[in-house]
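Observations on chain architecture
Single-letter residue listing:
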Amino acid sequence: NYEENEFQFMQFDYDYARLMGLEIIKGRNFDETMTTDKESAVIINEATVNKFGWEDPVGLEFRAGPTTYTVIGVVKDFHVESLHNSVAPVAMFLSDPEAGWLYLKLKSDNLSATMNLINEQWKSLQSAFPINYVFVDENFNKLYNNDEKLSEIFRYSAIITIFISCLGLLGLSVFTAEQKIKSVAVRKVLGASVPNILIVLSKEFLLLLIISNVIAWPIAYYFMNEWLTDFAYRINIGFGNFIFATIVSILIAFTTISYQTIKSASVNPVKLLKYE
């Protein structure tokens, strides 16, 4: 026998598992034809089975208050909290018909008309009590409000940082092009093409960019990993993510400096060297 403080308890009715798409992987669901289900039947989840190391939990018993319950089925783990928390051991038993909750699965095609119809039906049955309803998806979304706000802060911070960096790169490319303008003219006289000159003027920027990315990798990995430790279920940070970020940053930087570099490389060398 197992004590009640080792579980989280949830109350279901006969149709809840089917309505919510819960998968019974062992045993059976609650059955209206089984009179004992109302008194002593319980369904547990996989987390409960794993916690206690049960091989065949169907038929086992545990005590909750004065009642001893018998396990009739095992349901596949499902989340009732955010992914910050792992799935807890849950024991599900039949609820009181007067519990006061009604679960409905609605199509989103014409939600306002559907809600109006539900309100009308409710008033015809319980005119003295107003209906209070919540949407399950909205409740789950609230669990991630802080994560969404944090994501938005990072998104806008990244955009601002990239914009400021591009302005700096543009200014530096203009300065460098002015410093090497005669060198560019000489190269053109000797037969260098615009793409060749573009590579020569850009390679210093790109080398510095690659070095800065390599320095940023361990720092980014540390802070990202620290953030992910708040989640019970999380992805692994792969090396490919950093390679992708480096390639994107190189493309952005190359696009930023290309205009001024191509402009400098396209100038007629005669105009630049006629006073030399």
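So, the overall build of the protein
Counting secondary structure elements, the protein contains ten helices and six strands. By residue count, 26% of the 276 residues in the protein fall in the buried class. Put simply, 75% of the contacts in the protein that link residues at least 6 apart link residues at least 24 apart. Surface exposure of the protein reaches about 19,000 Å², of which carbon and sulfur atoms provide 59%.

Examining the environment of D37
Along the polypeptide, D37 turns up in helix α2 (residues 37-40). Sequence separation between D37 and L94 is 57 residues, and the spatial gap between their C-alpha atoms is 7.5 Å.

Thoughts on the nonpolar core
In terms of nonpolar packing, the biggest core is built from 15 residues, with F12, L22, F30, F78 and M92 touching the most fellow members. Of all the secondary structure elements, the ones that give two or more residues to this core are β1 (8-12), α1 (16-20), β3 (41-45), β5 (67-75) and β6 (90-94). Broken down by element, this core gets its largest block of residues, three residues, from β6. Not counting chain neighbours up to four residues away, the residues in contact with F30 comprise F12, D13, Y14, D37, A41, V42, I43, I72, M92, F93 and L94. Counting residues in each nonpolar core, the second largest holds 13 residues, with V42, F52, A64 and Y69 among its members.

Focus on the pairing of β6
Within a regular strand, the side chains alternate between the two sheet faces. The buried fraction of β6 is high, at five of five residues. One ladder, built from five bridges, connects β1 with β6; its direction is parallel. Paired with F12 across the bridge in β6 is L94. Bridge count between β3 and β6: two bridges; the pairing is antiparallel. Each bridged residue has a counterpart across the sheet, and for I43 the counterpart in β6 is M92.

Things to note about a nonpolar patch on the surface
Taken together, L207, L208, I211, I215, I219, Y222 and F223 make up a surface patch of nonpolar side chains, about 760 Å² in accessible area. Structurally, the position occupied by L207 is in helix α8 (residues 194-228). In this structure L207 comes out as exposed when scored by relative accessible area, which is 53%.

Some remarks on the pattern of salt bridges
This structure, assessed with the given rule, holds two salt bridges. A salt bridge links D15 to R18, with the shortest nitrogen-to-oxygen separation between them at 3.5 Å. Residue D37 is joined to R28 by a salt bridge in which the shortest nitrogen-to-oxygen separation is 2.8 Å.

Topic: the packing of aromatic side chains
The tally for this structure, following the rule as stated, stands at ten aromatic pairs. Look at Y69 and F93: their rings are 5.7 Å apart centre to centre, the planes differ by 35°, and that puts the pair in the tilted class. Of the two residues, Y69 is situated in strand β5 and F93 in strand β6; the sequence distance between them amounts to 24 residues. We note that Y69, like F93, is buried. Relative to F223, the ring of Y222 has its centre 5.2 Å away and its plane inclined at 80°; by these criteria the two rings are edge-to-face. Site record: aromatic cluster; members linked through ring pairs are F9, Y69 and F93.

Here's the deal with the side chain of T48
Relative to the elements of secondary structure, T48 occurs in helix α3 (residues 46-52). With relative accessibility at 0%, the residue T48 sits in the buried group. Of note is the side chain of T48, whose polar atom sits 2.6 Å from the side chain of N45.

A short note on the pairing of strand β4 (residues 61-64)
Side chains F62 and A64 of β4 all project onto a buried face; the interleaved residues E61 and R63 project onto a face where none is buried. Where β4 lies against β5, four bridges are found, and the strand directions are antiparallel. Bridge assignment links R63 to a residue of β5, and that residue is T68. In this antiparallel pair of consecutive strands, β4 and β5, the connection spans two residues, and G65 shows a positive phi of 65°.

Calculation notes
Residues numbered from 1 in each chain as written. Predicted model: local features only at pLDDT ≥ 70, side-chain atom pairs only at ≥ 80, totals over all residues. Heavy atoms only, no water. Helix = DSSP H or I, 4+ residues; strand = E, 2+ residues; numbered from the N terminus. Buried < 20%, exposed > 50% of the residue type's maximum accessible area, 1.4 Å probe, protein only. Contact = heavy atoms within 4.5 Å. Areas by Shrake-Rupley, 256 points an atom, 1.4 Å probe, with all protein chains shown as cover. Core = buried A, V, L, I, M, F, W, Y, C linked by side-chain atoms within 4.5 Å. Pairing = 2+ DSSP bridges. Patch = residues over 30% accessible without salt bridge, like charges linked within 9 Å, V, L, I, M, F, W, Y side chains within 5 Å. Salt bridge = Lys/Arg side-chain N within 4 Å of Asp/Glu carboxyl O. Phe/Tyr/Trp six-rings, centres within 6.5 Å; stacked < 30°, edge-to-face > 60°. Polar contact = N/O pair within 3.5 Å; in protein donor to acceptor, adjacent residues only side chain to side chain.

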